[in-house]
Every structure is written in structure tokens, then in C-alpha cells.
Amino acid sequence: MKRFFYHLARLTLALVFVYAGAVKMQDVVAFAGHVAAYQILPYAMNYLVASTLPYVEFLAGVMLLLNARVRPALLVIGAMTLVFMAALVSVLLRGMEIDCGCFDPGGGQDVTAGVALLRDIALMALVVLVWWLRSRLTAREE
Amino acid sequence: MFSDLKRIGLEACVLLAFGVLIGLSLNHKLLLDAFSGHLVSQPRQTAQESVPIALPMPALIDDVQQVAATGGLIVDARNPELYAAGHIDGAVSLPLVEIDAALPDFVARIDKDRTLVIYCSGFGCPDSFDLAVLLIESGYKDVRVFEGGFPEWRDAGLPVAGDVQ
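Cut-offs applied
- Residues numbered from 1 in each chain as written.
- Chains lettered and ligands numbered in written order.
- Predicted model: local features only at pLDDT ≥ 70, side-chain atom pairs only at ≥ 80, totals over all residues.
- Helix = DSSP H or I, 4+ residues; strand = E, 2+ residues; numbered from the N terminus.
- Buried ≥ 20, exposed ≤ 12 C-beta atoms within 10 Å, placed from the backbone.
- Contact = placed C-beta atoms within 7 Å.
- Nonpolar A, V, L, I, M, F, W, Y, C, P; charged D, E, K, R; others polar.
- Axes fitted to C-alpha atoms, helices over the stretch in contact; angles between N-to-C directions.
- Left-handed = near helix turned anticlockwise from the far one by under 90°.
- Core = buried A, V, L, I, M, F, W, Y, C linked by C-beta atoms within 7 Å.
- Pairing = 2+ DSSP bridges.
- Arc of directions from axis to C-beta.

Participant: Just to check I follow, could you spell out the overall build of chain A for this structure?
Facilitator: Helix and strand content of chain A: five helices and zero strands. Each helix and strand of chain A, ordered N terminal to C terminal, gives the series α-α-α-α-α. Going through the 142 residues of chain A one by one, you find that 41% of them count as buried. Contacts in chain A between residues at least 24 apart in sequence constitute 72% of all its contacts with a sequence separation of at least 6.

In C-alpha cells:
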């Protein structure tokens, strides 16, 4: 039963990040615009983030999907999610109304910072759950 | 337990580095453009007074004389040795080769509204154009390039200064 939940949670998280990375890779410039909308980084840094973040998301998601190096991948995903949450909180505190730019940069549907923050909290819970289940499972095998 | 965490942290760093490297290598051209300032500005800057990055206007020898006569400034982009050997009368030296050291002082002394004419060693010499672009980026509103440069000025018999033989 534990094993079933582990794989379910792992695959869910994996698909979310593989998808998030893959759609943003398609249009790095548009994604850079979304990052710029947060008004946190200096001009050129937005492009640096936009040209690296999707690939890290994708790679970490693939590792989870393959069930390989699960905890390192979780660490990367958890750290990214924490950064996203911090950025979203800063947007909320500044009362800005921007699209979170979490997924499809060209998509029409805007997701507000509040909704995105709730979603990130759920993702964070999944990260913790997968980590915990993974530790329990490997502990029993060893 | 502790060494386990250390290993996981290390592998996470490797994973992160891989992702960043892939991203950097696939987007290096875009990044070079962004960091050299070739891309259009982000929305935030349009709210302020928008200063479009313009290219310098060309100036003919008559324009140079007119600008000098009406309070503009002639700027020599060549290296200090050439400036010392001979330059357009009234021109100030702002060598492109020492621009990092010289620009802050220049910007502090010269009003941004003043018309600037930049020259170097004549046609085929890119320094005047490059310096003009830098000055426009520094906020100067009217920057022109005298492409004929020092040779044309001298050969026209116009006033020069320095140790001219």
C-alpha cells in the first residue's frame, strides 16, 4: 500500500515538473517576460533564469519519472518550489497582478499568485511525502 | 545518516548543474544578446521616460564646425598618443581603449544635453562609432560621428592642436 502511494505521488510530481519544464522550453523568451513581470531580478538575469530553470525542472522531473536518484531530484524540486513560493509571496505583498508563469508561457489562462501559491504548497507536501515514503521503503529493503 | 544526506545534497547539486548547463548551452545566443543589451527593454522601463537606444547620426565636416561653433563638444576617440600628436582644435580626448576608466569622469563633467561629435582616424576606423554608441547608452541625447575623422579635418586645412609637425 505504501509502495502504491509512493509511486503515485512520485509520478504525479514527476509529470508536473516534466510538463512545466517542457512547455517553458518551447518559448524561453516569453518565459523570460513572465520572470521579468515579477520585477525581482535585473534585466538580463531574467533571461538567465528563463534559459536554465525549465531544463532543471525537466531534468529533475525525468529523474523522478525514472525512479532514479529520487531524493536528489526531490531536493532540487523542493528548493525550486521554495524559491517560487518566496517569489509569489513577494508578488502578493506588493499587491501586483501578474500571471505566475508557472506553466505554458504562451497560454491565455492567467493564474494569479494566490492560486499558484496554494498549488506550490500542495507540491511541497508531495515532495515531503515522496521523500518520507522513499526513506521508509529503502530502510526496509536495507 | 549524515553521510547519506551529504551524498544526496551532492547529487542534487550535480543534477542542478546539469540542468543549468543544458539550458545555458541551448540558449547561449539569447543570453549573449540579453547580457550585451541587444534585446528590447522589459516592460518596467517603458513606464519611465523611455529612451530608445538610437544609433549615432553621421556628421559631415561642415556639421562638425557648426556644432563646435554652437556650444557642442568634439570628442577624440583615438588613443592618447595620437591625441597628443595632433587633434581637432578644441576637441577633448576620450580614448575608447581607456573607456572604463575615463567614462565616469566624462559623464560627470559633460552635460547630457550637449551635442557631441565623435571622431577617430577616419573612414574605416570603428572607434568613433563604438564610442558614440556607448555615449548614447550613457544617456547623451545627441551624439554624432564624424567619419572623415582627423585626416579629413587636417587635410581641409582646418585648425588643429597638439605637436603637429
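From this point, the discussion proceeds with the structure in view.
Participant: Looking at this structure, how should I read the interface of chain B and chain A?
Facilitator: The extent of an interface is frequently quoted as the accessible surface area lost upon association of the parts. With 21 residues of chain B at the interface, the matching set in chain A holds 23 residues. Residue assignment for the side of chain B that touches chain A shows that the elements contributing at least two residues are helix H1 (2–26), helix H2 (28–35) and helix H3 (43–47) of chain B. Looking at the side of chain B that touches chain A, the element that brings in the most residues is H1(B), giving twelve residues. When the residues that make up the side of chain B that touches chain A are grouped by side-chain class, the tally is 13 nonpolar, six polar and two charged.

Participant: How should the packing of helix H4 (residues 70–93) of chain A against H1(B) be read in this particular structure?
Facilitator: Where H4(A) meets H1(B), the closest approach of the two axes is 8 Å, and the angle between their N-to-C directions is 65 degrees. Of the two elements, H4(A) crosses H1(B), and the hand of that crossing is right-handed. Together, A:Arg71, A:Pro72, A:Ala73, A:Leu75 and A:Val76 of H4(A) and B:Ile8, B:Gly9, B:Glu11, B:Ala12, B:Leu15 and B:Leu16 of H1(B) make up the contact between the two elements. Per-class residue counts for the contact of H4(A) with H1(B) are eight nonpolar, one polar and two charged.

Participant: Could you clarify how one ought to interpret the nonpolar core in this entry?
Facilitator: Nonpolar side chains in soluble globular proteins generally cluster together in the buried interior. One finds A:Leu13, A:Val56, A:Ala60, A:Ala73, A:Val76, A:Ile77 and B:Leu15 to be the most contacted residues of the largest nonpolar core, which totals 47 residues. If you list the elements that add at least two residues to this core, you get helix H1 (2–26), helix H2 (28–37), helix H3 (43–65), H4 and helix H5 (113–141) of chain A together with H1 and H2 of chain B. Beyond its immediate sequence surroundings of up to four residues, A:Ala60 is in contact with A:Phe17, A:Ala73, A:Val76, A:Ile77 and B:Leu15. Counting residues in each nonpolar core, the second largest holds 25 residues, with B:Val64, B:Leu73, B:Leu135 and B:Val143 among its members.

Participant: Can you help me understand the sheet that holds strand S6 (residues 143–146) of chain B in this one?
Facilitator: Across a sheet, strands are paired by hydrogen bonds formed along the backbone, either parallel or antiparallel in direction. All names here are of chain B. Taken together, the five strands give an open sheet; going across it, the order is S1-S6-S5-S2-S4, and neighbouring strands pair in parallel fashion. Two strands close off the open sheet at either side, each with one partner strand: strand S1 (57–59) and strand S4 (92–93). On the sheet, helix H4 (residues 61–69) packs against S1, strand S2 (73–76), strand S5 (116–119) and S6 and is oriented at approximately 95 degrees with respect to S1. Strands in contact with helix H7 (residues 127–137) are S5 and S6; relative to S6, the strand with the most contacts, it is inclined by about 175 degrees.

Participant: Mind showing me how you'd approach H7(B) here?
Facilitator: Owing to its 3.6 residues per turn, the α-helix aligns residues three or four sequence positions apart on the same side. Residues and elements named next belong to chain B. Among all positions of H7, only Asp127, Ser128, Leu131, Ala132 and Leu135 are buried. Buried positions in H7, seen along its axis, are confined to an arc of 130 degrees and lie on one side of it. In this structure, the buried side of H7 is in contact with S5, S6 and helix H8 (149–155). Residue Gly139 follows H7 closely and has a positive phi angle near 115 degrees.

Participant: What exactly am I supposed to notice about the pairing of S5(B) here?
Facilitator: Put simply, side chains in a regular strand alternate between the two faces of the sheet. Residue and element names in this part refer to chain B. Along S5, one buried face is formed by Leu116 and Ile118 and the opposite face, lined by Val117 and Tyr119, is buried too. Here S2 runs beside S5; their pairing, made up of four bridges, is parallel. Paired with Val75 across the strands is Ile118, a residue of S5. In terms of strand pairing, S5 meets S6 through four bridges, oriented parallel. Looking across to S6, one finds that Val117 is bridged to Arg144.

Participant: What is the right way to look at the environment of A:Val111 in this model?
Facilitator: Residue and element names in this part refer to chain A. Structurally, the position occupied by Val111 is in the loop between H4 and H5. By the C-beta count within 10 Å, which is 15 here, Val111 ends up partly exposed. Measuring from C-alpha to C-alpha, the distance between Val111 and Gly101 comes to 7.8 Å, with ten residues separating the pair along the chain. The contact partners of Val111, leaving out residues within four places of it in the chain, are Asp99, Cys100, Cys102 and Ala116.

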